[in-house]
Amino acid sequence: MTASASAKVTELLIDGELVAAGGGTFATINPGTEEPLGDAADADGADMDRAIAAARVAFDESDWSRDPALRVHCLRQLRAALNEDIEMLREITVAEVGAPVALTHSAQLQGPVDDLAFCADTAEQYAWATNLGVAAPLGIRTKRTLLREPFGVVGAITPWNFPHQINFAKLGPALAAGNTVVLKPAPDTPWCAAEVGRIIVERTDIPPGVVNIVTSGDHRLGAQLAEDPRVDLVSFTGSTATGRAVMTAAAQTIKRVFLELGGKSAFIVLDDADLASASAVAAFTVATHAGQGCAITTRLVVPRDRYDEAVAAAARTMAGLGAGDPTDPKTICGPLISAKQRDRVEGYLDLATKEGGSFACGGGRPADKTAGFYIEPTVITGLTNGARVAREEIFGPVLVVLAHDGDGDAVRIANDSPYGLSGTVFGTDPERVNWVVSRLRTGTINVNGGVWYSADVPFGGYKQSGIGRETGLAGFEEYLETKVIAEAVS
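Residues numbered from 1 in each chain as written. Predicted model: local features only at pLDDT ≥ 70, side-chain atom pairs only at ≥ 80, totals over all residues. Heavy atoms only, no water.

Asker: Sorry, what's going on with the sheet that holds strand β18 (residues 423-426) here?
Answerer: Sheets are built from strands that pair by backbone hydrogen bonding, the pairs being arranged parallel or antiparallel. Taken together, the seven strands give an open sheet; going across it, the order is β14-β15-β16-β13-β12-β18-β19, and neighbouring strands pair in mixed fashion. The strands lining the two open edges of the sheet, one partner per strand, are β14 (358-361) and β19 (446-447). Pairing geometry for strand β12 (residues 265-269) and strand β13 (residues 297-303), over four bridges, is parallel. Directly across from Ile268, in β13, lies its bridge partner Val301. With respect to the sheet, helix α10 (residues 275-287) is in contact with β12, β13, β16 (398-404) and β18, its orientation differing from that of β13 by roughly 165°. (Pairing = 2+ DSSP bridges. Helix = DSSP H or I, 4+ residues; strand = E, 2+ residues; numbered from the N terminus. Contact = heavy atoms within 4.5 Å. Axes fitted to C-alpha atoms, helices over the stretch in contact; angles between N-to-C directions.)

Asker: It is not clear to me how empty space enclosed by the protein should be interpreted in this structure. Could you clarify?
Answerer: Space left empty within the atom packing is revealed by a probe, the size of a water molecule, rolled over the atoms. With the rule as written, the count across this model stands at three cavities of 30 Å³ or more. Put simply, the largest cavity is a space of about 110 Å³. Lining the largest cavity are 17 residues, and of these Ala266, Arg299, Ala414, Ser422 and Thr442 lie nearest its centre. With three residues, the top contributor of residues to the lining of the largest cavity is β12. When the residues that make up the lining of the largest cavity are grouped by side-chain class, the tally is six nonpolar, eight polar and three charged. Counted as a void, the second largest cavity has a volume near 60 Å³. (1 Å grid on protein atoms, 1.4 Å probe; cavity = no way out; pocket = protein on both sides within 12 Å on 5 of 7 lines; lining within 4 Å. Points joined across faces, edges and corners; volume = space filled by probe spheres on them. Nonpolar A, V, L, I, M, F, W, Y, C, P; charged D, E, K, R; others polar.)

Asker: In this structure, what is going on with the pairing of strand β3 (residues 25-29)? I would like to understand it.
Answerer: The side chains of a regular strand alternate between both faces of the sheet. Residues Phe26 and Thr28 line the buried face of β3, whereas the alternating positions Thr25, Ala27 and Ile29 sit on a face that is not buried. Relative to strand β4 (residues 36-41), β3 runs antiparallel, the two being bridged by five bridges. Counterpart to Phe26 in the pairing with β4 is Ala40. Hairpin connection from β3 to β4: six residues lie between these consecutive antiparallel strands, with Glu34 at a positive phi of about 65°. (Buried < 20%, exposed > 50% of the residue type's maximum accessible area, 1.4 Å probe, protein only.)

Asker: Which parts of the structure should I look at to understand the nonpolar core?
Answerer: One broad rule of soluble globular proteins: the nonpolar side chains tend to lie buried together. Ile268, Val269, Leu300, Val302, Met318 and Val389 are the most contacted members of the largest nonpolar core, which has 57 residues in total. Listed in part, the 50 residues of the second largest apolar core include Phe26, Val181, Trp191 and Val196. (Core = buried A, V, L, I, M, F, W, Y, C linked by side-chain atoms within 4.5 Å.)

Asker: Before we go on, may I ask you to explain the sheet that holds strand β22 (residues 480-488) in this structure?
Answerer: Strand order across the open sheet formed by three strands is β5-β6-β22, with antiparallel pairing between neighbours. Both outer strands of the open sheet, β5 (129-135) and β22, are each paired with one neighbouring strand and no more. Here the average twist between neighbouring strands, direction ignored, is 20°. In the sheet, β5 pairs with strand β6 (residues 142-150) via six bridges, with the strands oriented antiparallel. From the neighbouring strand, Gly133 faces β6, where its bridge partner is Arg144.

Asker: Explanation requested: the pattern of salt bridges in the structure shown.
Answerer: Should their charged atoms come close, side chains of opposite charge can pair. Summed over the entire model, instances satisfying the criterion amount to 30 salt bridges. Among the ionic pairs, Asp232 bridges to Arg56, the shortest N-O distance being 2.8 Å. A residue pair is termed long-range when its members are at least 10 positions apart, and Asp232 in the loop between α8 (220-227) and β10 (233-237) and Arg56 in helix α2 (residues 45-61) qualify at 176 residues. Note on Asp232: relative accessible area 22%, which makes it partly exposed. (Salt bridge = Lys/Arg side-chain N within 4 Å of Asp/Glu carboxyl O.)

From the geometry alone we can't say anything about function, so treat these as descriptive.
What follows is the structure, encoded as structure tokens:
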């Protein structure tokens, strides 16, 4: 960290001001070194109450919700200011998240910042009113108009794995649509959000109360945000278990919820594909950011008669990547976020051997890492889809290789999961690939190396992977209400 970034304690953003937290501060840890990173503002319930009140007043009493031009201007301002401070934000992201610096040039930082342009452009071009024409229901000649209006106060609760991507995927469309926001980032990554708050106050015309950023080590503040009747919509990204709790809390006031939850996605290789290349891609994907991504394809499903070949190819790639220092531009697999998460992954590795699996590579902590929360990129073999390590989200650099007996069996294995977030299919026969794709119950699918990740593409899952879509036009419209006006005409 630079001296300017690490010498101060972060502050809360409440009602347009940077303020100290009622709960004091809490320490943050560099996951690559296990050394203290700095202190973050530790909000208490009173701080959250003030943030919600500020967002409520800003929505109800300011022109923000009714002035798309102001919102477009402010979002473009914010994007420009973030880009001016991008190197400082990059340094914070590598230190706080443990994200490999190479990834900060894409989904860990630069991509989400640039994607704010999509939100601004959408708000500028959006058809806020639609003429439905004249009809005569019940014999009364009536002009009908459909209006799209902001929801109100949005409570945004975000995780630690891709903090900028997820913070901006909520802030961008919510603000563009005219809502006000209370953002509660994960306790593991408060600095990434707090620095955005500083930039908003110092470098943009976003009015007081429109954006409030409340960092805290207290997980109960997320429940407070979900329960408060002044909050109109809760947008949550995180584990499925926590998503259930958020949904339950929000149900008390029947508020809208957006949930982007867990995944255990399948990477299907058909028998006519280049097996070695596909298996290497699968391994590389799982090693990226130490497997800490909900949409990562952590089950490699390959033809049974070429199982050993696939395992060998995946293991070669995993072993070649290793676990490295996130500040090294060549690193793909950095540390896990915390000791708690490392211990959790190690628990699953122990479980894998108890369930009858074995390691083709990895299986523990790297021998050359005396500090940092590292796990070796690992390939697990010898299990079926019924094993817990093949069904539960591990959130580490762990790939389970499963055997299939043909296209239909591959689909069965992929769909045999409580999740349905993402997936991949490799094959050379378009008809067979399309047959498989059409039967997968999942929200996004890569085919032969294609990439769905983009600002204009909606992202979300089936089943217990969530409710709603983030990003794209669909993600923008998650933050809008529909109003119909019927006016009698002669």
